[in-house]
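Here is how the chains run, residue by residue.
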Amino acid sequence: MTSGAAPRIGVLAVQGDVREHLAALTELGATAVTVRRPEEVERIDGLVIPGGESTVIDKLLRAFGLQTLLRERISAGMPVYGSCAGMILLADRIADARPDQQTLGGLDITVRRNAFGRQVDSFEQQLDFAGFDSPVHAVFIRAPWVEQTGPTVEVLARVGEGPAAGRIVAVRQGNLMATSFHPEVGSDRRIHAEFVTITSNAKESV
Ligand code: GLN
């Protein structure tokens, strides 16, 4: 890739919420492409792992021969942003995983799947987000939360009110960022913009 060109950001398109992420990234001037095949993974500067069902995405990653390659690119520093199921796939550790469930890992966190419980399957809340001067409108859908973070993980947002107040729902560690919620829903593009910046900076420094 020539330096200065728009970053090429893939959206993992094996299952889940792909279209909205492509639209958000395109709106921000990135070259947004779907990623399903190993050769597509080779050609991207950064990757979004969308919400969906983490157990299904995990199985398909293995079936499509993507798991090892993605793990290699993550350890080599490729920026990845995971939303909801994507956060689970980036986590080094899962609480309440299916017995055979694996992750790509990279983020030194423990996530709890479906953490908010059945009664609050889906909800929305205004959240303070590190570095933003006004709250983000966060949409949670059968979301995980972050139960434990390693020493180099930066907490970007916590639940502000209600029974889950204080729970961590957005984190960053180097080029990896994850949110429990779905910023692709709605028109606030600040979180995607943050990820486009992370990817552009990583690309410049290669
Ligand atoms: N509960 C789902 C899982 O465990 C995540 C839900 C979502 O991505 N909206 O993968």
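Residues numbered from 1 in each chain as written. Predicted model: local features only at pLDDT ≥ 70, side-chain atom pairs only at ≥ 80, totals over all residues. Heavy atoms only, no water.

Enquirer: How should the overall build of the protein chain be read in this particular structure?
Expert: A tally of regular secondary structure across the protein chain gives six helices and twelve strands. Taking 2.2 N^0.38 as the reference for a compact globule, 206 residues should give roughly 17 Å; the C-alpha atoms of the protein chain span a radius of gyration of 16 Å, in line with that estimate. Viewed in the frame of its principal axes, the protein chain has a C-alpha envelope of about 50 × 40 × 35 Å. For the protein chain, restricting intrachain contacts to residue pairs at least 6 apart in sequence, the fraction spanning at least 24 positions comes to 64%. Carbon together with sulfur atoms contributes 48% to the accessible area of the protein chain, which is approximately 9,200 Å² in total. Counting 21 positive and 25 negative side-chain charges, the protein chain places the centres of these two groups 5 Å from one another. (Helix = DSSP H or I, 4+ residues; strand = E, 2+ residues; numbered from the N terminus. Rg over C-alpha atoms; globule rule 2.2 N^0.38 Å. Contact = heavy atoms within 4.5 Å. Areas by Shrake-Rupley, 256 points an atom, 1.4 Å probe, with all protein chains shown as cover. Lys, Arg positive; Asp, Glu negative; His and termini not counted. Charge placed at Lys NZ, Arg CZ, Asp CG, Glu CD.)

Enquirer: Just checking my understanding: could you explain the site of the ligand for this structure?
Expert: The full set of residues close to the ligand is Gly51, Gly52, Glu53, Ser54, Cys84, Ala85, Ile88, Arg113, Asn114, Ile141, Arg142 and His182. Residue Ala85 places a main-chain N or O atom 3.0 Å away from an oxygen atom belonging to the ligand. A distance of 3.1 Å separates a nitrogen atom of the ligand from a polar side-chain atom of His182. Across the complex, the protein chains shield 98% of the 300 Å² of accessible surface that the ligand would expose by itself. In the shell around the ligand, the residues fall into four nonpolar, five polar and three charged. (Near = heavy atom within 4 Å. Polar contact = N/O pair within 3.5 Å; in protein donor to acceptor, adjacent residues only side chain to side chain. Nonpolar A, V, L, I, M, F, W, Y, C, P; charged D, E, K, R; others polar.)

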